Amino acid sequence: MQILSASSAAGVLLDLSGVLILLLAFACLGSKLFNRYVAYYGAQSVVLSFAAGVAAYTFDSIELWILAVATLAIKGIGIPVSARRLLVQRLDLKRDAALSTGLSTSLIAGGALTAFAYLVTRPQLLPHGLVAAAVVPLSTAVILLGGLAMVVRRHTVAQLIGWLIVENGVFLGAITLVATFPFIVEAGIFLDLVAGVLIMLVFVSGLTRRLASASADELRELQG
Amino acid sequence: MILLMILAAAGPLVGTAAAASGARGRLAGWAASAGALASLVCAVWLLTGELHRAPLLGWGGYLYLDSLSCFFLLTVAAVTLLASVGSVAYLSAEQDAGRLSAFQVRLYYIFFGLFAALMLAALETGNLGLLFVLIEASTLASAALVGLEARASSLEAAWKYVIISSFGVTIALAGTLFLYYSASGLHLAAEYRLAWPYLFSHAHALAPESLKLAFMLAVVGYGTKVGLAPMHTWLPDAHAEAPSPASAMLSAALLNTGMYAIIRFLAITHARLGDGFPRAVLLTFGFLSIVIGVLFMIRRGNFKRLFAYSSVEHMGIIAVALGFGGLLGLYGALLQTLNHAIAKAVLFLTSGDVALRYKTREASGVRGLLAAVPVTGGALLLGSFAVLGSPPFGVFLSELTIVRAGFATSSPVFPLLLLALLAVAFVAFARTTTGMVTGQAPAKARREITERVIEEIRGLTGQEYVHMYASDRKAELAGTAKK
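All values derive from a computational prediction rather than experimental measurement.

Points about the overall build of chain A
Now for step 1: Regarding its fold elements, chain A presents 7 helices and 0 strands.
Now for step 2: Along the chain direction, N to C, the helices and strands of chain A fall in the order α-α-α-α-α-α-α.
Now for step 3: Residues classed as buried in chain A amount to 50% of the 224 residues present.

Thoughts on the overall build of chain B
Now for step 1: Counting secondary structure elements, chain B contains 19 helices and 2 strands.
Now for step 2: Across the 483 residues of chain B, 59% fall into the buried class.
Now for step 3: Within chain B, contacts between residues separated by at least 24 positions form 79% of all contacts whose residues are at least 6 apart in sequence.

Section: the interface of chain B and chain A
Now for step 1: Taken together, the contact between chain B and chain A spans 38 residues of the former and 36 residues of the latter.
Now for step 2: Among the secondary structure elements, those contributing two or more residues to the side of chain B that touches chain A are helix H6 (128-146), helix H7 (152-182) and helix H9 (208-226) of chain B.
Now for step 3: Looking at the side of chain B that touches chain A, the element that brings in the most residues is H7(B), giving 17 residues.
Now for step 4: Taken together, the residues that form the side of chain B that touches chain A break down as 24 nonpolar, 8 polar and 6 charged.

Observations concerning the environment of B:Ile263
Now for step 1: When you line up the elements, B:Ile263 lands in helix H11 (residues 244-273).
Now for step 2: In this view, B:Ile263 contacts B:Leu68 and B:Leu322; residues no more than four positions away in its chain are not counted.

Quick word on the nonpolar core
All names here are of chain B.
Now for step 1: Residues Leu 73, Ala 77, Val 79, Leu 120, Met 249 and Ala 345 are the most contacted members of the largest nonpolar core, which totals 250 residues.
Now for step 2: Considering each element in turn, this core owes the most residues, 19 residues, to H7.
Now for step 3: Leaving out residues up to four positions away in the same chain, Ala 345 has contacts with Val 79, Leu 82, Ala 83, Ala 248 and Ala 252.

Digging into the packing of helix H4 (residues 67-96) of chain B against H11(B)
Residue and element names in this part refer to chain B.
Now for step 1: It is the contact of H4 with H11, at a shortest axis distance of 8 Å, that shows an interaxial angle of 170°. By the angle between their axes, H4 is roughly antiparallel relative to H11. Residues Leu 68, Phe 72, Thr 75, Val 76, Val 79, Thr 80, Leu 82, Ala 83, Gly 86, Ser 87 and Tyr 90 of H4 pack against Ser 244, Pro 245, Ala 248, Met 249, Ala 252, Ala 253, Asn 256, Thr 257, Tyr 260 and Ile 263 of H11.
Now for step 2: The residue makeup of the contact of H4 with H11, split by class, is 14 nonpolar, 7 polar and no charged.

Examining unusual backbone geometry
Now for step 1: Residue B:Pro230 follows B:Ala229 across a cis peptide bond; omega there is 0°.
Now for step 2: With a phi angle near 55°, A:Asp60 is a residue other than glycine that sits in the positive phi range.
Now for step 3: Considering the arrangement of structural elements, one finds A:Asp60 in the loop between helix H2 (34-59) and helix H3 (62-89).
Now for step 4: Judged by the 9 C-beta atoms lying within 10 Å of it, A:Asp60 is exposed.
Now for step 5: We note that B:Ala150 has phi near 60°; this positive angle belongs to a residue other than glycine.

Section: helix H13 (residues 303-324) of chain B
Residue and element names in this part refer to chain B.
Now for step 1: For H13, spanning 22 residues, the distance from its first C-alpha to its last is 31 Å, which sits close to the expected 32 Å at 1.5 Å a residue.
Now for step 2: In terms of burial, H13 is largely enclosed, as 22 of its 22 residues are buried.
Now for step 3: Directly after H13, the chain includes Gly 325, whose backbone phi takes a positive value near 70°.

Comments concerning the packing of H4(B) against helix H14 (residues 326-358) of chain B
Residue and element names in this part refer to chain B.
Now for step 1: Close contact between H4 and H14 brings their axes to 10 Å; oriented N to C, the two are set at 5°. One finds that H4 runs roughly parallel with respect to H14. The segment H4 lies against H14, with Phe 71, Thr 75, Ala 78, Val 79, Leu 82, Ala 83, Gly 86, Tyr 90 and Ala 93 engaging Leu 334, Thr 337, Leu 338, Ala 341, Ile 342, Ala 345, Leu 349, Gly 352 and Leu 356.
Now for step 2: Split by residue class, the contact of H4 with H14 holds 14 nonpolar, 4 polar and no charged.

Focus: the environment of B:Leu322
Now for step 1: If you trace the backbone, B:Leu322 turns up in helix H13.
Now for step 2: B:Leu322 has contacts with B:Ile263, B:Leu266, B:Leu282, B:Gly329 and B:Ala333, leaving out every residue within four places of it along the chain.

Cut-offs and rules
- Residues numbered from 1 in each chain as written.
- Chains lettered and ligands numbered in written order.
- Predicted model: local features only at pLDDT ≥ 70, side-chain atom pairs only at ≥ 80, totals over all residues.
- Helix = DSSP H or I, 4+ residues; strand = E, 2+ residues; numbered from the N terminus.
- Buried ≥ 20, exposed ≤ 12 C-beta atoms within 10 Å, placed from the backbone.
- Contact = placed C-beta atoms within 7 Å.
- Nonpolar A, V, L, I, M, F, W, Y, C, P; charged D, E, K, R; others polar.
- Core = buried A, V, L, I, M, F, W, Y, C linked by C-beta atoms within 7 Å.
- Axes fitted to C-alpha atoms, helices over the stretch in contact; angles between N-to-C directions.
- Parallel < 35°, antiparallel > 145°, perpendicular 65-115°, else oblique.
- Expected span 1.5 Å × (residues − 1).

What follows is the structure in structure tokens.
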């Protein structure tokens, strides 16, 4: 299997996109407006598709090119646009008030999780000098930040965005760590993602019709 | 043989096709049952064939069948058959009572067939990436079943289920990624590097550090689907809110499919890293699940939640058995899987009948089942003793085997702790179910009470009052007469 070295041009570009994706995850964690959540997620997906394009160019693989285009079309454009139309505008969502901690607390926790991600992916795991050694800790951090966003935010739409960020983190890792999964698997993962977003859209709009706002704060009926 | 495998997985789709092409509720239900029966026949056929044959492998490892997958195939197909026969009765009763529309019933059968077919397909693939894809897809199909009744509480349960499970399974995808990476030293083509049989036979050459991480992530990720504590929080809500046959599918088929995925990762990890590390991981999650399950079973309340927490406990027992390991441990774990699946499916199906008759899901509202509906009451009583591991039933044998495996492979503290927890679980569970089964039926009792009250009122307002009035008048008349 081909593995990129960190000093090659492609390696530097991938490294850079990894850093951008992490920063966008932090931006999403530090924001309070629903519009921004969706916008940061869309930007993150565009950077991700760029990273996939770089990998595709380097390995000269058609499957990776298809993946990059699909990422751009579905995650970069399709999901953000439909989330904005169907959720943010139709439900008239503006400020997210359902946060269980302050923004600064969650940002500090995010910093701690990033440090933890570097701790877990120690050098024994990944040999030095590979681009993966730099990017996999970044992608682990993005996964953890997405999880943190899901925990801290209690509005269902914000939780959905958190899950999508987790998914982006896994994808970033997949691109750099193993170049690509077999294509059938990749396609299946994409299908699952789309189906998942669709079914979650149905639930969110159903919940909003039943409750005043679909914040998990109101989801208190089921306990114990 | 490959045709037989495809048939086994595609069987439940008959119900989906029937409902999608516009069949009415009952017809779609019988179509689903026929499909499930076909799957079960295929599974039995495959299992009997499997006993004298090498594992089946096709399509570059995407199709794979060995005795382990045959066994799980049999379990899931049997549960699917039970649940789809149960669905026919339960859904038509709900539809007649006006709680579900004809459209919702059709939707139910569409997603029910899809859910079952995806699980069966997950058991037949040897590619760990495709395993993730199918398990995630089955989550989505079953989420639609949980939210079917579209009340605020069932939508809430469905949301909780889909978001927690999707997150969990995404973690398992990260685990699969690290497993894939750990095989980068092997010279295998890309699709073989995720194929379980190749990974298993080359386990000695996998990179140990990333394999460790992969196993941890897989246990946490697929453990979310299995309902291992502390990732179990979606489970009681989803089980309580889903229509009862769907709860049976969740508890007896979905959880087992998740456990199957963990067993696949365990086999590779065990072959590379030996006993110590997987045992520590599985015993920790297993005992935590048993403790959490037992603690919440003590609380009385919704009986479907009680059964759900009992599932958490049983999945914990299976994880502990896998942790003990060895031939005995594995045998106990698999036997426990089958026994629990059948007994719990029976319990959830009877719980549907109870909920329909008593119009409540609270255990305190249900009394005297044996007197009111002897068959349902008897099934509930037998089912709960079967789940608890009372001697004539299979769970007794499998739990005994697990305890023996514990004494054989690890320090005696663990099996003794397991025995103590099982005793507490027995008391907590039986306290509620025997209370539901015995006693006087409330509907009858209530009618008697109302009749008595009506008598009293009639007595007081009617004749008695007339008498009192009359005697007063008499006294009055007598008074005026004296004057």
